[in-house]
Amino acid sequence: MTEEKLRALLDSMSLEEKVGQMVQVTGAFLEEDAVITGPAADAGLELSDCRLAGSILGIAGADRLKRIQERYMEEHPHHIPLLMMADVIHGYRTVFPIPLALGASFQPELVEKAMGMAAEEAASAGLHVTFSPMTDLVRDPRWGRVLESFGESPWLDSRMAEAYVRGYQGADGDLSRPGRMSACDKHFVGYGAPVAGREYNHAELSEHTVREFHLPPKIAAIKAGTACVMPAFQSLNGEPCTASEKIVRKLLRDELGFEGVTISDWSAVGELVAQGAAADTREAAKLAIEAGIDIDMMSVCYARELKGLVESGEVEERLVDEAVWRILTLKNRLGLFEDPFHGSGTEAEKKTVLCQEHRDFARKMVAESVILLKNEDSVLPLSREKKTAFIGPYVDSTDTCGSWAIFQNREDTVTLRRGVAEGGYGENALFCHGCDVLENTRVLGFGVEEVFGQREDRDELVKQALKAAEEADAVVMALGEHTLQSGEAASRGDITLPAQQMELLRQVSRVNSNVITVVYSGRPLDLREVSACSKAVLAVFLPGTMGGAGIADVLFGAASPGGRVSMSFPWSAAQIPVYHNDYSTGRPYDPAGAEQKFVSRYLDMPNSPLYPFGYGLTYGSFRYSSVTLSAETMKAGEVLTAAVTVTNEGTAAAKETVQLYLHDEKATTVRPRRELKGVKCLYLQPGESGEAVFRITEEMLKIWDRDMNFLAEPGTFTVYIGSDSRTENGAGFRYEG
Ligand code: GLC
């Protein structure tokens, strides 16, 4: 539709119709069994509130959405099509590894391809908008939603944000093309830093920290063209984001230039009352529209209060018109006025959903995202000729896609046992359950509750496991936290593995010294004792539909583990927050130095995490040359290059993730000791060398100074290039400005 016609449509709409466009309800009001991803599915809404709703969420399926769209448009006074939205966070039916794992691949180009596949599947099933990417920078693994993040580096998070948006929307951003869907960058801003890691808790962040760490991935998503942004639930420095003109109108729209649609989080507008920011739903509606929230997801505020606020003159109708214009413009960009079904249909579904190409790529992404944290005596890769016992609750689990895989069918998931068998690795393999994931507890999820008692055959299971361990040359323990112990509303204070799993590991490690532990989790866990009981540790996070196949490929050497730590694994939860891009302090502690009292340290534990950012082993063995710079000084506008030669001195081909870090030695605001600013992946055969060359630009040197100016300050910098954030392989240069 032309802009002129769209404007005419807006002008012809009644106030009631316009307000309707700003209301989003769960599909449960229009069709049974929508996926409920928030509290109290109705949030007080009634069918009458939804008659003119402009969008629905939580339902997918080409036929169902076609039926809903047809019925809705028939009844709508101007026959305006619905927007169909849902959380497709890391895949629709072909579920890729969780975003924290995808971030660990350090390969945005692969992640972009994966998200393109997710969009193909979801769009074929009738979805128009996904509430993704989640670009919240994280430092606290007690928070369950680190699962959805890309980790602790603003640079890596930004590259992944761009990859996600381009994957969903296409590099050209033409949303009208079938197989595309609109991205929705979330959550704006600071949701990844809840005080004490407790879900929905407030965030206290200086403007400097927000700009240096939390904003860059949001800016990257906006520059990549995300069509929507979702303000965050929580308050930032005392202001609920959903009611903050400073955060939404002034920062997001005026300063960052975002012109797309803003949609609140689930019932976040209504929850302004509970936050103590609004006296009632009427005031909540007023605050939200004035802050710049276009769509109210799942609360009664806009549906019940906005029309009256405009009619009474308390809210200018102009604000409603601006919001509705952005919503209609999004519908128009999707081509919904010409094709309300956006190219979806059962034929398109049959062609794309779970197709072999997607499954094969998902299997590859598992290998690219798992992190080999330990490999003593090169106990990995395993030999098919030797007897291996696979023991643990994740040997046969299909619950490995994570709590946000809301459209998955568990029977599509490849278990570890199946991956070993179908990969041709299983002729000398034994399989034992060993124990359950959890005992004597229950976990709540989206509309599900899993209750765990204590099995009667508990002791027998352990006996069988120990017998298998005694007979085997090596043991693979498949252990992990429960899927529902991570994700939304799943903060944990204790980030270790469940007790009965640890007990089983201890017993097995006493009867077999070749233990490899595969850890399933939605977050970095405290793996100290797991590591002490194992010769090898492989962090697989929640690997998705093809998890078992990809893990088996890595265990038996068909693929080299490609992941690197994207979020530090703490030595203990007591260290949290612990991350690589922190500051030196005036009394830095040098663990290699002489014993000192007055330094920044703990008396009872190390400062450094168990596994640091950027760290990960492969089946190769890589030697780095020293860093060579194209010059020792850099003037304004100039570009330096920094290069290393990397040689694979190992016996197996592997990918090395070469990382470039910068350190600004002195500036008007203190600078992180290491800032990731570049990654190059080199695939090297045994004995082969490759060169990694990086461009260093003035933009990379810019910082937020104490007056909140973003600029590059003259001074000395060190370029470090190595295999993780601890590298000391560096060279200095002076930026002269
Ligand atoms: C949830 C989440 C948000 C999600 C939305 C819709 O509460 O906070 O990330 O997109 O509701 O499911």
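Predicted model, so just to flag it, every value in this text is computed and none were measured.

Engineer: Break down the pairing of strand β6 (residues 228–231) for me, with residues and values.
Structural biologist: For a regular strand, side chains alternate in direction, first toward one face of the sheet and then toward the other. By the alternation rule, side chains of β6 split into Cys 228 and Met 230 and Val 229 and Pro 231, which are all buried. Judged from the 4 bridges that link them, strand β5 (residues 184–188) and β6 form a sheet pairing that is parallel. When the sheet's bridge partners are listed, Lys 186 is paired in β6 with Met 230.

Engineer: Hey, could you go over the sheet that holds β5 for me, with residue numbers and the actual values?
Structural biologist: Read across the open sheet, the 3 strands follow the order β5-β6-β9; overall the sheet is parallel. Two strands lie at the open edges of the sheet, namely β5 and β9 (261–262), each paired on one side alone.

Engineer: Now, about the UniProt feature "domain: Fibronectin type III-like" (unreviewed entry) in the protein chain: what can you tell me, with residues and values included?
Structural biologist: When the UniProt feature table is mapped onto this chain numbering, "domain: Fibronectin type III-like" (unreviewed entry) sits at residues 656–725. What you have in residues 656–725 is 6% helix and 56% strand, and the ends, taken at the C-alpha atoms, are 14 Å apart.

Engineer: Break down the state of the cysteines for me, citing the residues and quoting the values.
Structural biologist: Within this structure, the stated rule accounts for 0 disulfides. Unpaired in this structure, Cys 228 has its nearest cysteine sulfur neighbour in Cys 184, at a distance of 5.0 Å. Of the residues examined, Cys 228 reaches a relative accessible area of 1% and is grouped as buried. With no disulfide of its own, Cys 432 lies 11 Å from the sulfur of Cys 435, the closest cysteine sulfur. Exposure remark for Cys 432: the relative accessible area of 11% places this residue in the buried category.

Engineer: Give a detailed account of the packing of helix α17 (residues 458–471) against helix α18 (residues 499–511), specifying residues and quantitative values.
Structural biologist: Interaxial distance between α17 and α18 falls to 9 Å at its minimum, and their mutual angle equals 30°. Here α17 runs over α18; the crossing is right-handed. Between α17 and α18, the contacting residues are Arg 458, Val 462, Ala 465, Leu 466, Ala 469 and Glu 470 on the first element and Gln 500, Leu 504, Gln 507, Val 508 and Val 511 on the second. By residue class, the composition of the contact of α17 with α18 is 7 nonpolar, 2 polar and 2 charged.

Engineer: Which residues make up the site of the ligand, and what are the values?
Structural biologist: As a matter of local geometry, the ligand sits amid 14 residues, with Thr 37, Asp 87, Arg 145, Lys 186 and Asp 265 nearest to it. Contacts to the ligand include Thr 37, whose side-chain N or O atom sits 2.5 Å from an oxygen atom. Interatomic distance of 3.0 Å between a side-chain N/O atom of Glu 488 and an oxygen atom of the ligand. Summarising the interface, the protein chains cover 100% of the accessible area of the ligand, which totals 310 Å² for the free molecule.

Engineer: Please set out helix α12 (residues 301–311) residue by residue, giving values where relevant.
Structural biologist: Here α12 has its buried residues at Cys 301, Tyr 302, Glu 305, Leu 306, Leu 309 and Val 310. End-on, the buried residues of α12 take up no more than an arc of 130°, which puts them together on one face. Tucked into the core, α12 has its buried residues touching α2 (15–21), β1 (23–26), α11 (281–291), β10 (296–297) and α13 (317–333). Directly after α12, the chain includes Gly 313, whose backbone phi takes a positive value near 85°.

Engineer: Would you mind going over the pattern of salt bridges in detail, with residue names and values included?
Structural biologist: Once their charged atoms are close, side chains differing in charge can pair, the charge on each being opposite to the other. Scanning the entire structure with this criterion turns up 56 salt bridges. With a shortest N-O distance of 2.7 Å, Asp 140 and Arg 142 are connected by a salt bridge. Judged by relative accessible area, Asp 140 falls into the buried class, the value being 9%. Measuring nitrogen to oxygen at the nearest pair gives 3.8 Å for the salt bridge that ties Glu 305 to Arg 282. Here Arg 282 lies in helix α11 and Glu 305 lies in helix α12, a separation of 23 residues in the sequence.

Engineer: Lay out the sheet that holds strand β23 (residues 654–664) with the relevant residues and their values.
Structural biologist: Two pairing modes exist for strands in a sheet, parallel and antiparallel, and in both the strands are linked by backbone hydrogen bonds. Here 5 strands make up an open sheet; going across it, the order is β21-β29-β28-β23-β24 and the pairing mixed. What marks the edges here is a single partner per strand, and that holds for β21 (633–634) and β24 (675–684). For strand β28 (residues 715–722) and strand β29 (residues 730–735), the ladder comprises 6 bridges, and the chain directions are antiparallel. Pairing of Phe 717 across the sheet is with Phe 733, part of β29.

Conventions adopted
- Residues numbered from 1 in each chain as written.
- Predicted model: local features only at pLDDT ≥ 70, side-chain atom pairs only at ≥ 80, totals over all residues.
- Heavy atoms only, no water.
- Buried < 20%, exposed > 50% of the residue type's maximum accessible area, 1.4 Å probe, protein only.
- Helix = DSSP H or I, 4+ residues; strand = E, 2+ residues; numbered from the N terminus.
- Pairing = 2+ DSSP bridges.
- UniProt positions renumbered as here; feature names shortened; annotations may be inferred.
- Disulfide = S-S within 2.5 Å.
- Axes fitted to C-alpha atoms, helices over the stretch in contact; angles between N-to-C directions.
- Left-handed = near helix turned anticlockwise from the far one by under 90°.
- Contact = heavy atoms within 4.5 Å.
- Nonpolar A, V, L, I, M, F, W, Y, C, P; charged D, E, K, R; others polar.
- Near = heavy atom within 4 Å.
- Polar contact = N/O pair within 3.5 Å; in protein donor to acceptor, adjacent residues only side chain to side chain.
- Areas by Shrake-Rupley, 256 points an atom, 1.4 Å probe, with all protein chains shown as cover.
- Arc of directions from axis to C-beta.
- Salt bridge = Lys/Arg side-chain N within 4 Å of Asp/Glu carboxyl O.

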